[in-house]
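Each chain is listed here by its residues.
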Amino acid sequence: MALGWFQLIVIAIISLILMLEVKISKGIIHDRSVSYNQDDIKLELHNSGPVALDASITFTAKLIFLKNTVGNDSHAGRYEYVWHDNTTKKKTRLFANETCKWTKHFDSSNVSAGSYNISVEVYSTIFLFFTRRLVVQGSQKFELTEMLNGKLFGRQNDTVHRWKDVYSTLTNLTFAVNLTDSFAYHVKYNYIWLIGGTSYHTTVPSIVMVFNQSGEYTIQPSITASYNKTILHQKNQTESIERYFTQKKRIRLKFPVTAVNFSGQQTVQLGKPLTGNITCNGSSPVALTLCWNVTNSTCISTQFQSSCSFPVNHSLQATPGVYNFSAVIQNDVSRDTSNFRVNITKPPDDVNLAAILVPVVFTVGASIILLAGIVCYHSLQKVNRVETANFDFSADEEDKKHGRVFGAIKEMLLWLFWKLPAQRPVSVRREYSEIST
């Protein structure tokens, strides 16, 4: 007897149910509601707010599994997320895996700016006609604003940033506003920047500046967003809406490190210290890192100080030759590396100082004695003399000459060593070759 259509449909449904039961028993499809509790799973909620009215906001729900609740590592199931916010009684149902996102915009015709609450309930399910069970639920607050939302920030490349909102002069500095509101309408933006008392107009939410002077400045952008939207429940009627953004930021500008110079010895003997001074221009505070590549790389660093003047006193232990040393000077906004050369020379060979000093001492001493003798001799010539006659006519002229010389030397030595008084009469023998009557 042939089966009717009704019997065939019943048999097909029974077969489908049996197949699903087999898959469930093998872990292919999981009913997660069997063992869920507060210790097994956690719900994380996030939103993209605050957002301006008429802009879109995205809510995100994410399931975090703390335990292996189904006996294996797979959590590839389907969940039903029921979203609800307290601006309306309407609920929104979405199906997703462990992460579900819901994007919505709040029309300014129905909702005012303020703080609201979003809640979500998560149910486990296999198919829509199966009985669902609550897995987890949670809620959080979100903000709707009349003003535009965003953040003002500064960006400067190739510089050092030791402190927030401290930047370098003489280098491009970009200010930008990151607006976080997303509108479904065609929006026209107008950008005005007030910087240091001067207004600038741009067509994009950013501006590039170069400051030549250090000091404090105030940055204040003013952004206007204009758009037309259809009035709710009134077709073909629109209204023009403007929303604004403004924010102040105080920044500080400093001069970078420039003109690094080393004044000191360029040549030093092996084993002796290299002395000098490293100076620079730029805003304080500054710090120095000095590195040597003599035998191996050695660096010494200083603390930050108010003046850019660093004394150098460093002993170099290496073979004679030409070596480099680098000076890295940093301040709050820059870092400068300068290289210098030093020539290490071999010390002179040792010499016998005694062999040189003894002859020199004796030579100097003899010269002093001779000079003193000459001075004394001339002084004695001026002393009153008492003449005595020598009637020895047999002495020849050569003897007379030697007698006068040795007599003078004798008198000089007596005066030098025994310090004869200058007033004492000196007996001088004077020879005559003839006697006149």
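Computed from a prediction, not measured in an experiment: that's the story for all the values here.

Moving on, we come to the overall build of the protein chain. Secondary structure summary: the protein chain contains three helices and 27 strands in total. Taking as baseline every contact in the protein chain between residues at least 6 positions apart, the subset at least 24 positions apart corresponds to 65%. Counting every atom, the protein chain has about 28000 Å² of accessible surface; 55% of that belongs to carbon and sulfur.

A word on the state of the cysteines. Throughout the structure, instances matching the rule amount to two disulfides. Note on cysteine connectivity: Cys 280 is disulfide-linked to Cys 308, with sulfurs 1.7 Å apart. Handedness here is read from the sign of the S-S torsion; for Cys 280 and Cys 308, about 120 degrees, the answer is right-handed. Of the two residues, Cys 280 sits in strand 20 (residues 273-281) while Cys 308 sits in the loop between strand 22 (297-301) and strand 23 (309-315), which places them 28 residues apart along the sequence. An identical accessibility class is assigned to Cys 280 and Cys 308; each is buried. What pairs with Cys 291 in a disulfide is Cys 299, and their sulfur atoms sit 2.0 Å apart. Because the torsion about its S-S bond is 110 degrees, the bridge between Cys 291 and Cys 299 counts as right-handed. Cys 299 sits in the partly exposed class, given a relative accessible area of 42%.

This next bit is on the nonpolar core. Membership of the largest hydrophobic core comes to 51 residues, with the highest contact counts inside it found for Leu 63, Tyr 81, Trp 83, Phe 175 and Trp 193. Judged by nonpolar contacts, the second largest core, of 23 residues, contains Val 260, Val 268, Val 286 and Ile 344.

Within the structure shown, the criterion is met by eleven salt bridges. Between Arg 243 and Glu 146 there is a salt bridge, with the nearest N and O atoms lying 3.0 Å from each other. With Arg 243 in strand 16 (residues 238-246) and Glu 146 in the loop between strand 8 (133-145) and strand 9 (150-155), this pair connects stretches of sequence that are 97 residues apart. We classify Arg 243 as buried; its relative accessible area is 4%. By relative accessible area, which is 48% here, Glu 146 ends up partly exposed. Each of Asp 54, Glu 146 and Arg 243 takes part in salt bridges that share partners, so that together they form one network.

Turning our attention to the sheet that holds strand 25 (residues 335-345). The strand order across the open sheet built from five strands is 19-25-24-21-22, with neighbouring strands paired in mixed fashion. The open sheet has two edge strands with one neighbour each: strand 19 (267-269) and strand 22. The average undirected angle you get between the axes of adjacent strands in this sheet is 30 degrees. Both strand 24 (residues 321-330) and strand 25 contribute to a ladder of ten bridges, which runs antiparallel. In the sheet register, Val 328 faces strand 25, and the bridge partner there is Thr 337.

Take the packing of aromatic side chains next. Per the stated rule, a full pass over the model turns up 14 aromatic pairs. Taking 4.7 Å as the distance between ring centres and 55 degrees as the angle between the ring planes, the aromatic pair formed by Phe 211 and Tyr 217 counts as tilted. Pairwise contacts between aromatic rings join Phe 59, Trp 83, Trp 102, Phe 106, Tyr 116 and Phe 142 into one cluster. It is Arg 162 that lies over the ring of Phe 304; its NZ or CZ is 3.9 Å from the centre.

To continue, consider the environment of Asn 86. Within the element layout of this structure, Asn 86 appears in the loop between strand 4 (78-85) and strand 5 (91-96). Owing to a relative accessible area of 46%, Asn 86 belongs among the partly exposed residues under this scheme. The sequence separation of Asn 86 and Ile 118 amounts to 32 residues, and the corresponding C-alpha distance is 6.9 Å. At 3.0 Å, the side chain of Asn 86 forms a polar contact with the backbone nitrogen of Asn 117.

In this section: the sheet that holds strand 20. Ordered by their spatial adjacency, three strands build an open sheet running 18-20-23, and the pairing between neighbours is antiparallel. In this open sheet, the two strands that pair with only one neighbour each are strand 18 (258-264) and strand 23. Direction aside, neighbouring strands of the sheet carry axes that sit 20 degrees apart on average. The sheet contact formed by strand 18 and strand 20 spans five bridges and is antiparallel. Looking at strand 20, one finds that Ser 263 is bridged to Asn 277.

A word on a nonpolar patch on the surface. Together, Val 360, Val 364 and Ile 368 make up a nonpolar patch on the protein surface, roughly 250 Å² of accessible area in all. Following the sequence through the fold, Ile 368 ends up in helix 2 (residues 353-381). Using a relative accessible area of 54% as the deciding quantity, one classes Ile 368 as exposed.

Our focus in this paragraph is unusual backbone geometry. Of note, the amide linkage connecting Gly 49 to Pro 50 takes the cis form, showing an omega dihedral of 0 degrees. You can see Pro 50 is positioned in the loop between strand 1 (41-47) and strand 2 (51-52). Note that the residue after Ser 284, namely Pro 285, is joined by a cis bond; omega there is 0 degrees. Even without being a glycine, Asp 165 presents a positive backbone phi close to 65 degrees. As for its position among the elements, Asp 165 is in the loop between strand 9 and strand 10 (166-168).

What counts, and where the lines are drawn
Residues numbered from 1 in each chain as written. Predicted model: local features only at pLDDT ≥ 70, side-chain atom pairs only at ≥ 80, totals over all residues. Heavy atoms only, no water. Helix = DSSP H or I, 4+ residues; strand = E, 2+ residues; numbered from the N terminus. Contact = heavy atoms within 4.5 Å. Areas by Shrake-Rupley, 256 points an atom, 1.4 Å probe, with all protein chains shown as cover. Disulfide = S-S within 2.5 Å. Buried < 20%, exposed > 50% of the residue type's maximum accessible area, 1.4 Å probe, protein only. Core = buried A, V, L, I, M, F, W, Y, C linked by side-chain atoms within 4.5 Å. Salt bridge = Lys/Arg side-chain N within 4 Å of Asp/Glu carboxyl O. Pairing = 2+ DSSP bridges. Axes fitted to C-alpha atoms, helices over the stretch in contact; angles between N-to-C directions. Phe/Tyr/Trp six-rings, centres within 6.5 Å; stacked < 30°, edge-to-face > 60°. Lys NZ or Arg CZ within 6 Å of the ring centre and 35° of its normal. Polar contact = N/O pair within 3.5 Å; in protein donor to acceptor, adjacent residues only side chain to side chain. Patch = residues over 30% accessible without salt bridge, like charges linked within 9 Å, V, L, I, M, F, W, Y side chains within 5 Å.

None of the figures reported here should be taken as evidence of function without further support.
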